[in-house]
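So the chains spell out like this:
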Amino acid sequence: MEDVLRYLVIFALQSAAVYAVAASGLVVTYTTTGVFNFAHGAIGMIIAFSFWQLSSSAAWDLPVLPSLLFCLFVLGPAIGWLLDRVLMSRLGGASTITTIVATIGLLVALVSIAGIVWPQSQVRRVPDFFEGESITLLDVNVSYHRIIALVAAIAVAIGLRALLFNTRLGTAMRAVVDSPDLTALNGANPRRIGSVSWMLGCSLAGLAGILIAPELPAFTPVALTLLVIQAYAAAMVGRLRSLPLTFLGALILAEIENGLALAQAKEWAGSFSPSLGDLAAAAPVLMLLIVLVVIREDRAALRPERFGFKVPRPSVASVAVSMAALVFVAAVVSVTGVFAVGTMNELGKGLALGIVMLSLVLLTGWAGQVSLAQLGLAGVAALAVWKLGPVTGLVVGVVATAVVGAIVALPALRMRSLYLALTTMAFALLLERVVYGENALVESFQPFASGNARADRIPGLEGDTAFFVFLAVVFGLVAVGLTVIRNGHFGRRLAAMKDSPAACATLGLDLTVTKLQVFALSAAIAGLGGGLLAMWKVTSVGRTDFALLEGTLPGLPLVLVAVIGGITSVTGAVVGALLFVCMPLIGSRVPALKDLMNLAPGLAGIGLSKNPDGAVLQVAEAIEEARAARADVDPLAAPERLGTDGDGTPGRITADEAALLDDELGLSWHR
Amino acid sequence: MGDSGLPPVGDPGLASVGDPVPAPVLELRGVRASYGRIEVLHGVDLSVARGSVVALLGPNGAGKTTTLGVISGQLPPTAGDVYLAGRRVTGAASDALAGVGLCTVPEGRGVFRTLTVRENLRMATYRGVRLAEVEERAYGLFPRLGERRHQLAGTMSGGEQQMLSLARALVTDPEVLLLDELSMGLAPMIVDDLYQRVRAVAEQGVSVLVVEQFARTVLGVADVAAIMSTGRITSVGSPSAIESELSDAYLGAS
Amino acid sequence: MNDPVAPDSPSPAAVSSSAVPPLLELSEVVVRFGGNVAVDGASLTVDAGTIVGLIGPNGAGKTTTFNVITGLERPSSGRVRWAGDDISGLAAHRRARLGLARTFQRLELFGSLSVAENVLFAAELCRRQGGTVRPPVVDVAPDVDAVHETAALLERVGLGDLAATRAEELPTGLARLTELARALATRPRLLLLDEPASGLDERETERFADLLVELAADGLGILLVEHDVPLVMRIASRVFVLDLGRILASGTPAEVQRDQRVIDAYLGAAPVGEV
Ligand SMILES: Nc1ncnc2c1ncn2[C@@H]1O[C@H](COP(=O)(O)OP(=O)(O)OP(=O)(O)O)[C@@H](O)[C@H]1O
Ligand SMILES: Nc1ncnc2c1ncn2[C@@H]1O[C@H](COP(=O)(O)OP(=O)(O)OP(=O)(O)O)[C@@H](O)[C@H]1O
Ligand SMILES: [Mg+2]
Ligand SMILES: [Mg+2]
C-alpha cells in the first residue's frame, strides 16, 4: 500500500507539473489576449520539434543549454510576435467564433507544416535533461528532468501571479482584453502590450512542449498537439482565471491518470472491459467534460461577448431559386457523367458534408452557439444507418442525434461560446474514443472503428446517379427550410438570444427551451448529413469519416471551412462544401500541390482573421453597398422628426401603410 | 511613452493663464468624419482656450461623441485638422495623445469591467502619476471607491462606474480634459459637486471640453458654450446667450 | 438611519387602503453580494395606473431591486408579490408573461436587429404566450397582428422614421426609446424603467414624460428609477427613496422633497467627498 501512495505522490506530482506549465500558459494567453488559443499545444509542438532539431544528436547536435535558451527566449517570443502581427492584431473586435476558428486554423496549419518539415517516417526522441541522472526520493527514483519540470512549474506559477496581479504591465495586459480603446485612452499602447502577451504565451507553450516531449510514448505532431487537452482540463478547473486552481486541476488530473494506470498495471479490476488503461486515455476528456458541466461561471466577471457577424437575409424565393439551380446542375453532372468516378465520389461527399455544414449555419451563424461536435454527431446517424438499414436507420439516427445534441446542449444552456466550443470538442473526442474508436465500448462496433462498415442505400435510389441527385435535393430542401425559419419568428428569436439573453428573458422568452430546440434541430440536420454520407460511401464507412482531427476530412477543418464559406448563410455552406472536397481533389491530381492543399484549410482559417465574415458575406456586402449608394438615406435627418406630431396620439395604421413600412424596411414579414 | 514625438502640451511658454486672449490649447478646423459611408461631421470648427471650460451641447445624434472621438484619436477625420497647443495632431494615436496630457472620459463605458477598482486606477498611472497618489486622491474624491477597491468595476452600480471613470480623469493632472456626458447616471448632488471640481481644475490651467445634452448645470460653470446639431456647430457664445438660444432650439415648439 | 421608518412597514393595507392587493408588492427584500449588502430589507408597492418613483443615491440598490423584481437576481431573503400572488420563485420569463416589463440602465437592445424587429420580436412573443388577453398600450384593436401593433408603437414613441435602422447604430437616447417600445410591445401591466431619460435631450424628455402620463392614465403601473429629479417629481404620484439598500422615505413628491433625510442623502447641496 505504501508504494501505491508513494507512486501516486511522486509520479503524479511530476506529470502534474508538466500539465500545470502547459495549462498556465493557456490561462495566461487567455487572460492577457482574450483569445483561447486552440493552437497552444501546436505552438509548443513546433518549439519542441525545433528544440529537437537543434539539440538532438540525430540532427544538428548543438549543446543543450544554448538550444534551450534559444527556443524559450528567442524562438518562442518570435513566434508570438509574428502571430500577433500577422494574425491576432487583425482579430481585434472579431467575434469569439472567429477567434476560435482562426486559432483552429493555426493548429491545423502548424500540424501540417510539422508533418512536412519533420516527416513521420523518421522516429525521433527528445532526450531528458540530464539524461539518466536521478535522485532517490522516498525510495522512488526521480529523474532530474522531472525535478526540473516541477521547479519550473512552481517558478512559472509564482512569477505569473506576480506579473499579472502586482505589476502595471500585467494589469495593462488584462486591460487590453477588456477594452483596447480605453487602454489607449489611458495612455498605454495596446498593440505593444498585446505583442508582449503573445510572446509570453508562446514561450510558455514552448517550455511545456519541451518538458512534455520526452515523456510521450510517440513524439509526433498530433500527439503533442492533442496533449493540450490535459491542459484545457486543468485550465478549466481554474475557470481560465485562477492559476492556483489551475494547478489543483493539473494535480487532480495527474492523480486520476496515474491511479488508473497503476490499477491497470496491478490488474486490480481483473479483466474489466474496457480496460482501465483505455479509461486513463479518456480521462482528460472526461474530466474536461465534467468540469465544464459543473463549473459555475462568475457572470459578473464576464466581458460581453462579441458576435461581429452581419447576418444577411436573402428571401426564401431567392434561396429556392439558387437551390433549384444547384439540383439542376447536380442532375446534369451526374447524368452526363462529365466527371470521373473518383471526382463524383468526392462531390457526393461534399453534398453530404454540406448538409452537416448547414447545421452549423443554423447553430453557429444564426444562434451564435459554437459546436465542434457536429461531424461527430453525424457519426451517430451513420452508425444507425449501418446497423439498422437505410430507412429505419436514417429515421432512428436523426432522432437519436437530435436527442444527443440536446443533451450536449444541456451544459451549454448557461455557458458562453468558448466553453461551449470546448465542451463540444471534448464530447467529439469522447465519441471518437469510446464509441467509434478501436477501444470502443461496444464490441460489435469494431468494423466501424476500422472503417469497414457497410451501409445500404434507400430502396429505389441505389444507383449512383439517382442518389447523387437525391443528395442535392435534400441539401436544397434543408437550405430552403432553414431560410424559412431564419426569416420568421424563430430566426428573430435566435438573433435576439445572441444579442441579449437578459432582455429575452424579461420579454418572456424561455431561453432554455429555445436553446434546446436549436441544438436538437441542428444536430438532427447534422445527423441527416451523416446518415446520407454513410449511404453515399456504401462501404468503408467508419470512424475516420467522423473524427475530429484525423482522417481525410476531419471535424475541425470542417468547422473551419464552413466558416470560411460563410457561416451566416446557406449559400455559404455550398461554397464551404465545394472548398472542402476540392482541396484534397486538387492535391491528389497535382502532386506538387499536395502539401499546399493539406495546409489550405489551416491557412484559409488564418486568413479569415482578415475577412471575418466569410467569402459569401463579402460579396453580399459589396452588392448591398452598391444598392445603398443608389437609395441614399440621411440618418441625420431622422431625429428632427421626433416630436413633430403635437398631440402624440397616432391614428390607426392602415394596411397600406403597414405594407409600405414593410417594403421600406426590407423585412420579410409578409413574404 | 508617447512615441509620436509630440512635445508636452503643458509647456508654460505657450500662454499664461492671465493672458487677455489666450491661444487655444485645442483647436478643430474644418473637421469632417464618417462611419463607413455616412458622413456624421460636416466641417466642425471649435477651439478651447487654456484654462477655460467649453460646453458642447446639442441634441441626440448631433455628433458630439464623434467629435470627441476625432480629438482623442479614436476616429481619424476624413478632412480637416486637430491642433493641440498649436501643433497638428490629426490622426495621432490615442495613447500618444493621452501621453501628452489629453485625457478623455468616454460616454458611459469608461471603466475596465473585468478589473477591480484599484486595478482601474493603476491603469491611470500610465499618465505618469504614482499609484499611491492616484489612489489617495481618488478615494478622497469618492469615498465609495475606497470602500470598494477590490470590487470588480463591472459589478458596480452605473453611478459608481461613472465615479471611477471620472476619478481617473481628475487625479492624473491632465492638460486637456474631454468629458462626454459626465452627468449621465449620477445623482444630482454629485453632478453639481463634480462641475464645481471641473471649474476648479480649469482654474488651475486645465482646458476642459464638456459634452452634455442637459444644458442647465454645465452652463453654470462654462466660459464658452457651443451648440452642435446634425454635424455642425451652429452657434458659439457666452453661456447666457446660448441658454436663451437653447430654449428656442429645444423647447421652442412646445 | 437604522431606525425603521413607519410608513414603509410591509403592510399593503397601509399603502393602498382598498381591498384590492397592489399590482406589485416587495417585502423585506435583502440582496447580498459577498460582504456588500446591496438591498437591505426594502419594501415597496406599486398600484395599477400609477407612476411610482424610486430614487436614491448612486449605488443605493435601485437596479438590484429591479433585478429582483424581474427575476434576474435571486434575493437572499424577502418576497415579491404580484397582484397578491407570491412570485418569488418564478423564473424571469414566467414573470414577464404575467405582464411585467422593463428597460435596462445598461442598454440591452438586440443590436443586430433593426429597430422595428426589436419591437416586432416582443410583439410576436406576446402573441405566442397568450399575452393578448391584456389590452395593447397603443390605440389598436386587441387582436391586431404583430406588424401593425409594432408600427403603431413605433409611431407612439416617435421612432417611426428609424424603423429600419440597425439598433446598434442608434445614439443612446433613441436606443432608450427603442427599449421602451419593445417593453410596451409585451402589453405589460407593470413597466419598470431604469434611468430611461438619461441620454434624452430636454425636448425628448418632455415628450417622454407626456407619454408616461398617458400610459398610466390607460391603467399601466410604472415604477421609474431616474436621476432627473424634476421629472420624477412632476409625474410620479408617489416616491420611494432608497439609500444604502433601505427605504429612507416614501410619500408624495412634495412630502419627500421636504424630508430632511432625503435632502441630506440625495437631493441636498452638500459636497460628497471630503477633499
Ligand atoms: N458606430 C457607428 N456606426 C454608424 N453610425 C454611427 C455610429 N456611431 C454613431 N453613429 C451615428 O453618428 C451620428 C452622431 O452620433 P454621436 O454619437 O456622435 O452623437 P451624440 O451627439 O454624441 O449623441 P448623444 O447625445 O445621443 O450621445 C448619429 O446619427 C449616430 O447614429
Ligand atoms: N454583482 C455584484 N457584486 C458585488 N457588488 C454588487 C454587485 N452588483 C451590485 N453591487 C453593489 O450593490 C450596490 C447597489 O447597486 P445598484 O446597481 O443596485 O445601484 P443603483 O441604485 O442602481 O445605483 P445607480 O444609480 O448608480 O445605478 C452597489 O454598491 C454595487 O456596487
Ligand atoms: Mg454622445
Ligand atoms: Mg442603477
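The numbers attached to residues start from 1 for each chain and follow its sequence in the written order. Chain letters and ligand numbers both follow the written order, the letters beginning at A and the numbers at 1. At least 70 in pLDDT is required for a residue's local features to be given in this predicted model, at least 80 for side-chain atom pairs to be given and counted, and no such filter applies to totals for whole chains, interfaces and linings, which use all residues. No hydrogens and no water enter the side-chain calculation; it runs on all heavy atoms of the structure.

Asker: Can you help me understand the overall build of chain A in this one?
Answerer: In this text, helices come from DSSP runs of H or I with a minimum length of four residues, and strands from runs of E with a minimum of two, each type numbered from the N-terminal end. When its secondary structure is counted, chain A shows 27 helices and two strands. For chain A, buried positions account for 58% of its 671 residues. We call two residues contacting when some pair of their heavy atoms lies within 4.5 Å. When contacts within chain A are restricted to residue pairs at least 6 apart in sequence, those whose partners lie at least 24 apart make up 78%. Surface accessibility follows the Shrake-Rupley procedure with a 1.4 Å probe radius. Residue values consider only the protein chains on display as shielding. Put simply, chain A shows about 26,200 Å² of open surface, and 66% of that area lies on carbon and sulfur atoms. Only protein chains enter the calculation, and the probe is 1.4 Å; a residue is then buried if its accessible area is under 20% of its type maximum, exposed if over 50%, and partly exposed in between.

Asker: Before we go on, may I ask you to explain the pairing of strand E8 (residues 207-212) of chain B in this structure?
Answerer: Regular strands show a simple pattern: their side chains alternate between the two faces of the sheet. Residue and element names in this part refer to chain B. Across the six residues of E8, six count as buried, placing the element largely inside the fold. Going residue by residue along E8, you find Ser207, Leu209 and Val211 tucked away on one face and Val208, Val210 and Glu212 tucked away on the opposite face as well. A pair of strands is considered paired only if DSSP assigns at least 2 bridges between the two. With five bridges joining them, strand E3 (residues 53-57) and E8 adopt parallel strand pairing. In the sheet register, Val54 faces E8, and the bridge partner there is Leu209. As defined by bridge partners, strand E7 (residues 176-180) adjoins E8 across five bridges and the pair is classed as parallel. Bridge pairing in E8 links Leu177 to Val208. Note that the unit made of E7, helix H7 (residues 188-203) and E8 has a crossover that is right-handed. A right-handed crossover is one whose linking path, passing over the helix from the first strand to the second, runs clockwise when the strands point away from the viewer.

Asker: Explain the site of ligand 1 here, please?
Answerer: Residues and elements named next belong to chain B. Around ligand 1 sit 17 residues in total, of which Asn60, Lys64, Thr65, Thr66 and Gln213 are the nearest. In protein, a polar contact requires one atom able to donate a hydrogen and another able to accept it; more generally it is a pair of N or O atoms within 3.5 Å, and residues adjacent in sequence count only if both atoms are side-chain atoms. In this structure, an oxygen atom belonging to ligand 1 sits 2.8 Å away from a side-chain N or O atom of Lys64. At a separation of 2.4 Å, an oxygen atom of ligand 1 approaches a polar side-chain atom of Thr66. Relative to its free-state accessible area of 630 Å², ligand 1 is covered by the protein chains to the extent of 81%. If one sorts the elements of the shell around ligand 1 by residue count, helix H1 (residues 64-71) sits on top with three residues. Class assignment of the residues belonging to the shell around ligand 1 gives a composition of six nonpolar, seven polar and four charged. Nearness is judged by heavy atoms alone; a residue qualifies as near a molecule or strand once a single heavy atom is within 4 Å of it. We call Asp, Glu, Lys and Arg charged. Ala, Val, Leu, Ile, Met, Phe, Trp, Tyr, Cys and Pro are nonpolar, and the rest, Gly among them, are polar.

Asker: Could you clarify how one ought to interpret helix H7 (residues 202-217) of chain C in this entry?
Answerer: Residue and element names in this part refer to chain C. Residue count minus one, scaled by 1.5 Å, sets the expected span of a helix. Relative to the 22 Å expected for 16 residues at 1.5 Å per residue, H7 spans 23 Å between its end C-alpha atoms, a close match to the ideal helical length. All buried positions along H7 are accounted for by Glu202, Glu204, Thr205, Phe208, Ala209, Leu211, Leu212, Leu215 and Ala216. With its phi angle positive at about 110 degrees, Gly219 sits one or two positions after the end of H7.

Asker: I tried to follow the nonpolar core on my own but got confused; where do I start?
Answerer: General note: in soluble globular proteins, nonpolar side chains tend to be found buried as a group. Residues belong to one nonpolar core when they are buried, are Ala, Val, Leu, Ile, Met, Phe, Trp, Tyr or Cys, and are joined through side-chain atoms within 4.5 Å. Judged by nonpolar contacts, the single largest core of 305 residues is most densely connected at Phe36, Phe38 and Tyr232 of chain A. Setting aside chain neighbours within four positions, we find Phe36 of chain A in contact with Leu26, Tyr30, Thr103, Tyr232, Met236, Leu240, Leu418 and Leu422 of chain A.

Asker: What exactly am I supposed to notice about helix H3 (residues 117-124) of chain B here?
Answerer: The periodicity of an α-helix, 3.6 residues per turn, causes residues three or four positions apart to be oriented the same way. Burial analysis of H3 of chain B places seven of its eight residues in the buried class, the great majority of the element. Regarding H3 of chain B, the residues found buried are Val117, Glu119, Asn120, Leu121, Arg122, Met123 and Ala124 of chain B. Where H3 of chain B is buried, its residues touch helix H5 (144-166), helix H6 (168-178) and helix H7 (180-185) of chain A together with helix H4 (131-141), helix H5 (143-147) and helix H6 (158-171) of chain B.

Asker: For this particular structure, what's the right way to read unusual backbone geometry?
Answerer: What you tend to see is this: most non-glycine residues have negative phi, and most peptide bonds are trans. All names here are of chain B. Although it is not a glycine, Ala85 sits at a positive phi angle of roughly 50 degrees. Considering the arrangement of structural elements, one finds Ala85 in the loop between strand E4 (79-84) and strand E5 (87-88). A positive phi angle, near 50 degrees, is found at Glu181, a position not held by glycine. Inspection of the secondary structure puts Glu181 in the loop between E7 and H7. Classification of Glu181 by relative accessible area gives buried; the value is 5%.

Asker: Would you take a moment to explain the site of ligand 2 for this structure?
Answerer: As a structural note, the neighbourhood of ligand 2 is formed by 22 residues, with Gly159 and Glu160 of chain B together with Lys62, Thr63 and Thr64 of chain C the closest of them. In this structure, ligand 2 is bordered by residues of chains B and C. Taking Arg148 of chain B, its side chain carries an N or O atom lying 2.7 Å from an oxygen atom of ligand 2. Between ligand 2 and Gln105 of chain C, the relevant distance is 3.0 Å, taken from an oxygen atom to a side-chain nitrogen or oxygen of the residue. When ligand 2 sits alone it has 640 Å² of accessible area, and the protein chains cover 90% of it. Elements supplying a minimum of two residues to the shell around ligand 2: H6 of chain B together with strand E2 (36-46) and helix H2 (62-70) of chain C. Considered class by class, the residues forming the shell around ligand 2 number four nonpolar, 13 polar and five charged.

Asker: When you look at the coordination of the magnesium ion (ligand 4) in this model, what are you seeing that I'm missing?
Answerer: Under ideal tetrahedral coordination, the four donors around a metal are separated by 109.5 degrees; under ideal octahedral coordination, the six donors are separated by 90 or 180 degrees. Residue and element names in this part refer to chain C. Sites may look incomplete because water is not among the atoms; the donors themselves are N, O and S atoms within 2.8 Å of the metal, or within 3.2 Å for Na, K and Ca. Ligation of the magnesium ion (ligand 4) by protein atoms is provided by Thr63 (OG1) and Gln105 (OE1), these donors lying 1.9 to 2.1 Å from the ion. Residue Thr63 is located in helix H2, and its partner Gln105 is located in the loop between strand E6 (100-102) and helix H4 (115-128); the two are separated by 42 residues in the primary sequence. The exposure class assigned to Gln105 is buried, which follows from its relative accessible area of 17%.

Asker: Could you clarify how one ought to interpret the coordination of the magnesium ion (ligand 3) in this entry?
Answerer: All names here are of chain B. Every protein donor of the magnesium ion (ligand 3) is listed here as Thr65 (OG1) and Glu107 (OE), and their distances to the metal cover 1.8 to 2.6 Å. Placement of Thr65 in helix H1 and of Glu107 in the loop between strand E6 (102-105) and H3 is noted, with a sequence separation of 42 residues between them. You can call Thr65 partly exposed: its relative accessible area is 32%. Relative accessible area serves as the criterion here: at 17%, Glu107 is assigned to the buried category.

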